[in-house]
Amino acid sequence: MNKIVTNYNEILLEIAKYKNKSIHNQFEPQLIAVSKTFPKETIEVLLNEGHRIFGENKVQEASKKWVELKKKYNNTELHLIGPLQSNKVALALKIFDVIQTLERDKIALKIKNYFDDREKVCTKRLFVQVNIGNEKQKSGVDPKLTKQFVDWCKNDLKLNIEGLMCIPPFGDEQNSFFIKLKQLCDDLKLKHASMGMSSDYKSAIMHGATYVRVGSGIFGARS
Ligand SMILES: *Cc1c(COP(=O)(O)O)cnc(C)c1O
C-alpha cells in the first residue's frame, strides 16, 4: 500500500484510541491533513481514500491547487492555517471553508466589509489564533485579550467565530498550553479547539482538541 495511505490509516486509529482515553470525548476529533508544499497528485492519494479535510498555509498556493481539486472532489473542507494578509482576504474567503488564523482588527474588519458589500451575513467559519505561549515571534492574539477580541468580532462585527487555534512553543510543556487553549474555548463557549501537529496530536486530543493538523506525519518530510 502507498506509504501515505498507511500513515493516514495509522493516524486515524491513534486518533480514535486517544479520543477514547480522553475525558473530552464528546466530539470525534477531526483530522486536518496539512498538504502545504505537496502537489495536487500527492493530495489526490488521500482524496481518493475518501479524506476531505485539508489545511494549507498560503493563500496563493492553495488557490492554485484547490480550485481544480474542489471541482473534482465534492464536500472538501479546506482550512487556512497560515497568516492572512489584508490584500488576500477576498481570495482566501473564496477558496477556504475555514480560516483559522484570524488575529487582527484590520483583517476582521475586511472580512466584515466583504460580506457587507455583498449584503450577506458572514457565514464563513472563523477561528481566532491565540499566541498561547506569548512568544514575540509568533502570530496570534494575547491570551489575556482573546475574550475581548472574540466578543468584538462576534457582537460588533457579527462574524461567525467557531473556535480557537494555537501553535504552542517548542519544548516539552505542550500539555499546559493545550489545557490553557481548551479552557479559553470553554470560557468563551466556542466549540472548536484546533491544536496538535504531527509530533503532539495525541496529547492535544487528550486535552480536548476538536481538530488536529497533521502534515509530515501523513505526507512525509517537506523539502
Ligand atoms: C505545517 C503546519 C502544521 C503541520 O505540521 P507537521 O509538523 O508537518 O504535522 C500544523 N499547523 C500549522 C499551523 C502548520 O503551519
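Going by the structure above, here's the rest.
Residues numbered from 1 in each chain as written. Predicted model: local features only at pLDDT ≥ 70, side-chain atom pairs only at ≥ 80, totals over all residues. Heavy atoms only, no water.

Asks: How should unusual backbone geometry be read in this particular structure?
Replies: It is generally the case that most residues other than glycine have a negative phi and that most peptide bonds are trans. Unlike most non-glycine residues, Thr37 shows phi in positive territory, near 75 degrees. By the element assignment, Thr37 lies in the loop between strand S1 (30–34) and helix H2 (40–47). Of note in this structure, Lys158 is not a glycine but carries a positive phi near 60 degrees. Within the element layout of this structure, Lys158 appears in the loop between helix H6 (146–156) and strand S6 (161–166). The exposed category is assigned to Lys158, whose relative accessible area is 58%. (Helix = DSSP H or I, 4+ residues; strand = E, 2+ residues; numbered from the N terminus. Buried < 20%, exposed > 50% of the residue type's maximum accessible area, 1.4 Å probe, protein only.)

Asks: Looking at this model, I keep getting lost on the site of the ligand. Mind explaining?
Replies: Looking at the ligand, the residues that line it are Val34, Lys36, Ile81, Ile167, Met197, Ser198, Arg213, Val214, Gly215, Ser216 and Arg222. In the model, an oxygen atom of the ligand is placed 2.7 Å from a nitrogen or oxygen of the Lys36 side chain. The separation between an oxygen atom of the ligand and a polar side-chain atom of Arg222 is 2.8 Å. When the free accessible area of the ligand is taken as 390 Å², the share hidden by the protein chains comes to 88%. Under a 2 Å grid-point criterion requiring more than half of the atoms, the pocket assigned to the ligand is the largest pocket. By residue class, the composition of the shell around the ligand is five nonpolar, three polar and three charged. (Near = heavy atom within 4 Å. Polar contact = N/O pair within 3.5 Å; in protein donor to acceptor, adjacent residues only side chain to side chain. Areas by Shrake-Rupley, 256 points an atom, 1.4 Å probe, with all protein chains shown as cover. 1 Å grid on protein atoms, 1.4 Å probe; cavity = no way out; pocket = protein on both sides within 12 Å on 5 of 7 lines; lining within 4 Å. Sits in = over half its atoms within 2 Å of the grid points. Nonpolar A, V, L, I, M, F, W, Y, C, P; charged D, E, K, R; others polar.)

Asks: Would you mind showing me how to read helix H1 (residues 3–21) here?
Replies: Given 3.6 residues to a turn, an α-helix orients residues that are three or four positions apart in the same direction. An ideal rise of 1.5 Å per residue puts 27 Å on 19 residues; H1 measures up with 27 Å between its terminal C-alpha atoms. Those residues of H1 hidden inside the fold are in contact with S1, H2, helix H8 (201–206), strand S8 (211–214) and helix H9 (216–219). The N-capping residue of H1, defined by a side-chain oxygen 2.6 Å from the backbone nitrogen of Ile4, is Asn2. (Expected span 1.5 Å × (residues − 1). Contact = heavy atoms within 4.5 Å.)

Asks: Just to check I follow, could you spell out the state of the cysteines for this structure?
Replies: Linking two cysteines covalently through their sulfur atoms gives a disulfide. Counted according to the given criterion, the structure contains zero disulfides. Free cysteine: Cys166, not disulfide-bonded; nearest cysteine sulfur from Cys185 at 8.7 Å. Given the relative accessible area of 1%, Cys185 is considered buried. (Disulfide = S-S within 2.5 Å.)

Asks: Which parts of the structure should I look at to understand the packing of helix H5 (residues 105–117) against H6?
Replies: Any two packed helices are characterised by how steeply their axes cross, that is the angle between the axes, and by the distance between the axes. With their axes 11 Å apart at the nearest point, H5 and H6 run at an angle of 15 degrees to one another. Between H5 and H6, the angle is such that the two are roughly parallel. Two packed elements cross with a definite hand, and for H5 against H6 that hand is right-handed. In contact with Asp105, Ala108 and Leu109 of H5, H6 contributes Phe149, Trp152 and Cys153. A per-class count over the contact of H5 with H6 returns five nonpolar, no polar and one charged. (Axes fitted to C-alpha atoms, helices over the stretch in contact; angles between N-to-C directions. Parallel < 35°, antiparallel > 145°, perpendicular 65-115°, else oblique. Left-handed = near helix turned anticlockwise from the far one by under 90°.)

Asks: When you look at the environment of Asp186 in this model, what are you seeing that I'm missing?
Replies: With respect to the helices and strands, the residue Asp186 is situated in helix H7 (residues 174–187). For the pair Asp186 and Glu135, spaced 51 residues apart in sequence, the C-alpha to C-alpha distance is 23 Å.

Asks: Honestly, the pattern of salt bridges in this entry has me stumped. Any pointers?
Replies: Should the charged atoms of two oppositely charged side chains come close, the side chains can pair. In the structure shown here, the tally under the stated rule is 13 salt bridges. Among the salt bridges present, the one from Asp97 reaches Lys70, with a minimum N-O distance of 2.8 Å. On the criterion of sequence distance, the pair formed by Asp97 in the loop between helix H4 (89–95) and strand S4 (98–102) and Lys70 in helix H3 (residues 59–72) is long-range, its members being 27 residues apart. Note on Asp97: relative accessible area 26%, which makes it partly exposed. Ionic pairing is found between Glu77 and Arg125, a salt bridge with its closest N-O pair at 3.5 Å. Residue Glu77 is found in strand S3 (residues 77–80), and its partner Arg125 is found in strand S5 (residues 125–130); the two are separated by 48 residues along the sequence. Across the pair, Arg125 and Glu77 agree in class, each one buried. (Salt bridge = Lys/Arg side-chain N within 4 Å of Asp/Glu carboxyl O.)

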